[in-house]
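The chain contents come next:
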Amino acid sequence: MTSASLVLKRPHSVIEVVEGVTSPRKKIRIQTTAKSSSIVGKLQQSIALLDNVAQQNNRELLEVLVKIADELVLDDCQLPDLYKAIKKLLELFRQEREGDTIIRVKILRLLADLAEVRIAEVVNALIDEIIAVLKHEKSQKVIAQGLSSLHKIGARNLSQLPSTHVTKIAHFAQQQLISESHHTQKNALLVLSAFVALTDAKKGVIDTIGHYADSQDSGVRAQSLRSILCLGERGAMLSPNLYQRAVDTLEDDYECVRKEALRLVFQLGISHPDYMISCSNDDEEEMRLIDAAFSKVCGALCDLSIQIRVQAAKHLGDMTQVSSEFLHQTLDKKLMSNLRRKKTAHERGAHLVASGEWSSGKRWGDDAPQEQLDTATISLIASGACGALVHGLEDEFMEVRIATVDSMCKLALRHPDFAVTCLDFLVDMFNDEIEEVRLKAIYSLTAIAKHIVLREDQLEIMLSSLEDFSVEVREGLHLMLGACRVSTQACLLMVVQKLLDVLAKYPQDKFSAFGCMRKVGQKHANLCMAVTSHLLQDHPFFDSAERDVEDPAYLCILILLFNAAQNLPPIISLFPYVTLKHYAYLRDAMPTLVPELPIEGASTKKSIDDLTGSNNSREYLETILAHINEIFSIAKDRVPLLKTAQDNLKRLGEIDPEMLGTANFLETFLAAQIQIEQLQSCTTSQHNRAPLKESLAQLVRNCLKLQHVFSGLTYGDMLLVKQICLRASALHLVLIVRDRSQSALGPCQMLLQTASDISSFLDEKQEFQPDDLTTSLLNQLGSIVDPKPGRVFREILPLVQAASPVKMPPPNVEIKMCVANILEPCPQMSQDNVIKVTAGLIAALPFVAEIDNLQDSQKQDMRIKIKYPDQHTHTVVPKLSDFKKIMTEQGAHETNVKLRTTILLSHSVWTEASSVEITLCLAVRPGTELELCKPAKILFAPKPVRRGI
């Protein structure tokens, strides 16, 4: 029988959590400590409490119902008790039929909460009972709550509801639409949109719902439009005839109604873009529905509500099928006739001739009757799409400006001619007072860079923003300049000179500036060739002094020219001999920034891609795995061979960046295998405790690394990881019990938790089968009634001693490894850069690092560990706002982030400057941190307090 349970939200007890496993695996019982008394019988206690207060006053009954609702969480109780609770609540509902409506409302809410058990029988019974009691209810407040409870129950269990109950709910809601209560009508519309059959929606249900858009109550009007949109999301075809009703509702006095009307106009426009409708004041003129809807959404950018203006600005970016003339008009504030095409003089003359009116002949049509004008249709302000995006860019709220810039970017990507037109407006947003708006404009211009070429006047505004105090703005501009093209040689020199000037002011931007110069050189090879001698300061007759190859400004110029020479090799002939020597050095020092060039005397080292093509790396990896499988067939002395294979895997990850995750995953898995095999020999003899403890700690770290550092694993890879973690936990417990110097409660609890985890995994993924040792361990642990460490040790010892190795995972090139690279402080320690501070005071140190393949759930586990020379460590928890996604020309990267924060250093007096190590770690559990990079070392010198004279 299916079960569910009633549990307090904050239990204070010793709870036994039972994980059920299908045959042949047995249940794993885990005991966890909590803080209060047993929860057994809480449902019976609640029922008894209701019996005691049933005959008392309504106030006490309401307090009991509120208490039960606040303390109720469903988890593991018997089905008969649940039925009994529902029956008791329904009896109280009927007893209070003539009493206080608040009691009945609270009972209906409590019944909806009981449906969280998601048991089909309970849910169906609740729906039948609620509809039955509501049919005889007279209070509209209670009926409205009943409809809300039906919606909550049905929406939560819609997948398992039979069609008869879905139809019953929809039919009951449709009956309540005639109620005089606005609250009841609103909830009935909500239920009807969620449960009515889509076949019925085609038979007039949408029209019926649409009539309530004229209701006196604003909530009903808004819910009517929201229900139509809900039906559209469910798959119902929304007729374009709804457009006029939605347009009329856009003039509503209430914000909630205008918001839903705007959504409906937008949805109809993108659903029927080419449907022709007549203009509002000219039945002869027709226009596409997407153009008309676009005009109305543009008009909403002048709404009084900021939420509606933001919504309208966002909708504009998704209406990419709009006609070009409407789109370009959004950047022009000139007054138009509501975007209606004006008749030409020839058409107006033909109309006068056709009218048959007499004229004096002095002037064509001089006595023709004047056009009748309606004063209500005359507007002296811009209407429709006229200047709509300009209004959005000039809005006083940053949310509207950001949404407008984003929409302009989306529209420009689909309309290259519009990208050229809106370029000046996006450049003007570089001067916005809000940093977030400036960043949005920079990234938007980066996205549309392939459609535009920058002029000199535009570059002046852009380059002036390079001196911005915000490092994110400066790095965004570096990215944008690398993506854009400039028109003239003067523009290129302007960009280079400004980048060098700003680099002298902000030397910490050198890595970003190097990347910018690389892309500028690749895109402007011809212009770079014309200014090569000027940039290198090469005199045609005299030899110039050799420049410092470590100078960041000189490096920027070399990176620019070397990348330009890759696409235009004749540039190489313009390089002086000194530059060619510098190329040989930089090709080895910066292989990612300096490309391979056909220069004589330089290193002929092949590129990494040539050495480690995907096919070559994959074949080599498969060869290593085949060799490992052969080694496992050897009975003795296989550990040295396995360590050699481990070194090969590690080296493959260092050579080929594309195989970094896969190779390191297999290397870590093999390292855990080797450690388990070495520690298995300790289960039969006594060994030195210190090496044993260190080996166990390393084994645990490798298992945690397999679970938390790698992503992109298949279910088969996850099963192998869980199996090796189970073996490691079992071996850990055996060695700790045999050692007798430490408590075995922690390892025993970890083993049971690991077994429960793999048991649940196998229960969900029944297509995967574990190995023999895993099956035996699960069966043995499931048969232990009282899992104490000694008892568990005796049961699993024979299995651990006779365990065979776990098979290696197959090569999976989708595996990614979370790694970090500390940019600031520089990983290499410099003797000239010593941080000096008075002892006991605090020194602030900027910290910048790039983290690849970091999942969102791992950000809160990220730690910065600071290790002082006296082995004292300090851990810093960065704020989530310090993590920013790395931007590329294609947009924000999904998993690569940049961490930028400030760490504080402080210590007592030292005699001389000593090194402090700073590294990034993942705190996977208390006391265990996995390092993601090599530590950066800085010299720190706390000086004694200087006394006054």
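Here the residue numbering is sequential within each chain, running from 1 through the sequence in written order. This being a predicted model, a pLDDT of at least 70 is required before a residue's local features are given, and a value of 80 or more before pairs of side-chain atoms are given or counted; all residues contribute to the totals for chains, interfaces and linings. Processing note: side-chain calculations cover all non-hydrogen atoms of the structure and skip hydrogens and water entirely.

1. Some thoughts on the overall build of the protein
Link 1 in the chain: Here a strand is any run of E in DSSP of at least two residues, a helix any run of H or I of at least four, and the numbering for each starts at the N terminus. Each helix and strand in the protein was counted, giving 37 helices and 18 strands.
Link 2 in the chain: Counting only residues that meet the buried cut, the protein has 48% of its 949 residues in that class.
Link 3 in the chain: The contacts in the protein between residues at least 6 apart in sequence include a share of 72% that link residues at least 24 apart.
Link 4 in the chain: For every accessible area listed, the method is Shrake-Rupley and the probe measures 1.4 Å; residues are considered covered only by the protein chains on display. If you sum the accessible surface of the protein, you get close to 48200 Å²; carbon and sulfur atoms cover 50% of it. Here the term buried applies to any residue with accessible area under 20% of the maximum for its type, exposed to any over 50%, and partly exposed to those in between, with areas from a 1.4 Å probe on protein chains only. Note on contacts: a residue pair qualifies if any of its non-hydrogen atoms lie within 4.5 Å across the two residues.

2. Remarks on the sheet that holds strand 15 (residues 891-905)
Link 1 in the chain: The antiparallel open sheet is built from 4 strands, whose spatial order is 9-11-15-14. A strand with exactly one partner marks an edge of an open sheet, and here the two such strands are strand 9 (819-824) and strand 14 (883-888). Here the strands of the sheet are splayed against their neighbours by 35 degrees on average, with no regard to which way each runs.
Link 2 in the chain: Strand pairing is assigned whenever DSSP identifies at least 2 bridges connecting the two strands. For strand 11 (residues 843-852) and strand 15, the ladder comprises 9 bridges, and the chain directions are antiparallel. Each residue of the ladder has a partner; that of Ala844, found in strand 15, is Leu904. Under this scheme, a helix contributes an axis fitted over its contacting stretch, all axes are lines through C-alpha atoms, and angles between N-to-C directions fall in the 0 to 180 degree range.

3. Examining the pairing of strand 18 (residues 936-943)
Link 1 in the chain: Across the 8 residues that make up strand 18, a large majority, 6, are buried.
Link 2 in the chain: Bridge count between strand 16 (residues 914-925) and strand 18: 5 bridges; the pairing is antiparallel. If you follow Val916 over to strand 18, its bridge partner there is Ile938.

4. With respect to unusual backbone geometry
Apart from glycine, the bulk of residues carry a negative phi angle, and the bulk of peptide bonds sit in the trans form.
Link 1 in the chain: For the bond running from Glu824 to Pro825, omega is 5 degrees, close enough to zero to count as cis.
Link 2 in the chain: Inspection of the secondary structure puts Pro825 in the loop between strand 9 and strand 10 (834-838).
Link 3 in the chain: Phi angles above zero are rare outside glycine, and Gln871 is one such case at about 70 degrees.
Link 4 in the chain: Mapped onto the elements, Gln871 comes out in the loop between strand 12 (862-867) and strand 13 (873-876).
Link 5 in the chain: We classify Gln871 as exposed; its relative accessible area is 53%.

5. Re the nonpolar core
Link 1 in the chain: The definition of a nonpolar core used throughout is a set of buried Ala, Val, Leu, Ile, Met, Phe, Trp, Tyr and Cys residues joined through side-chain atoms within 4.5 Å. With 180 residues, the main nonpolar core has Leu111 and Leu445 as its most contacted residues.
Link 2 in the chain: Per-element tally for this core: the top contributor is helix 27 (residues 552-567), with 12 residues.
Link 3 in the chain: Each of domain 1 (39-195) and domain 2 (304-341 + 381-450) gives at least three residues to this core.
Link 4 in the chain: Sequence-distant contacts of Leu111, defined by excluding residues within four places in its chain, comprise Ile86, Leu89, Leu90, Leu126, Ile130 and Ile153.
Link 5 in the chain: Listed in part, the 102 residues of the second largest apolar core include Ile676, Leu731, Ile796 and Cys818. Domain start and end points were adopted from an automatic or database domain assignment.

6. Some details on the packing of helix 5 (residues 120-134) against helix 6 (residues 140-156)
Link 1 in the chain: Two elements in contact, helix 5 and helix 6, have axes whose closest approach is 10 Å; the angle formed by their N-to-C orientations is 165 degrees. In terms of orientation, helix 5 lies roughly antiparallel with respect to helix 6. Between helix 5 and helix 6 the crossing geometry is left-handed. Seen from helix 5, the contacting residues are Val123, Leu126, Ile127, Ile130, Ile131 and Leu134; seen from helix 6, they are Val142, Ile143, Gly146, Leu147, Leu150 and Ile153.
Link 2 in the chain: Each residue receives one of three labels: charged for Asp, Glu, Lys and Arg, nonpolar for Ala, Val, Leu, Ile, Met, Phe, Trp, Tyr, Cys and Pro, and polar for the others, Gly being one of them. Of the residues in the contact of helix 5 with helix 6, the class split is 11 nonpolar, 1 polar and no charged. Angular relationships are summarised with four words: roughly parallel below 35 degrees, roughly antiparallel beyond 145, roughly perpendicular across 65 to 115, and oblique for the angles in between. A clockwise turn of the near helix away from the far one marks a right-handed crossing, whereas an anticlockwise turn of less than a right angle marks a left-handed crossing.

7. Observations concerning the packing of helix 27 against helix 28 (residues 577-589)
Link 1 in the chain: Two numbers describe how helix 27 lies on helix 28: the axes approach to 11 Å, and their chain directions differ by 90 degrees. In this view, helix 27 runs roughly perpendicular relative to helix 28, as classed from their interaxial angle. Every residue of helix 28 that contacts helix 27 at Tyr554, Leu555, Leu558 and Phe562 is listed here: Thr579, His582, Tyr583 and Leu586.

8. Focus on the pattern of salt bridges
Link 1 in the chain: By definition, a salt bridge exists where a carboxyl oxygen of Asp or Glu is found within 4 Å of a side-chain nitrogen of Lys or Arg. Counted according to the given criterion, the structure contains 38 salt bridges.
Link 2 in the chain: Across the pair Asp509 and Arg474 runs a salt bridge, and its minimum N-O distance is 2.5 Å. In this pair, Asp509 sits in the loop between helix 23 (489-505) and helix 24 (510-523) while Arg474 sits in helix 22 (residues 471-483), placing the two residues 35 residues apart along the sequence.
Link 3 in the chain: We classify Asp509 as buried; its relative accessible area is 3%.

Such coordinate-based values are descriptive only and should not be taken to indicate function.
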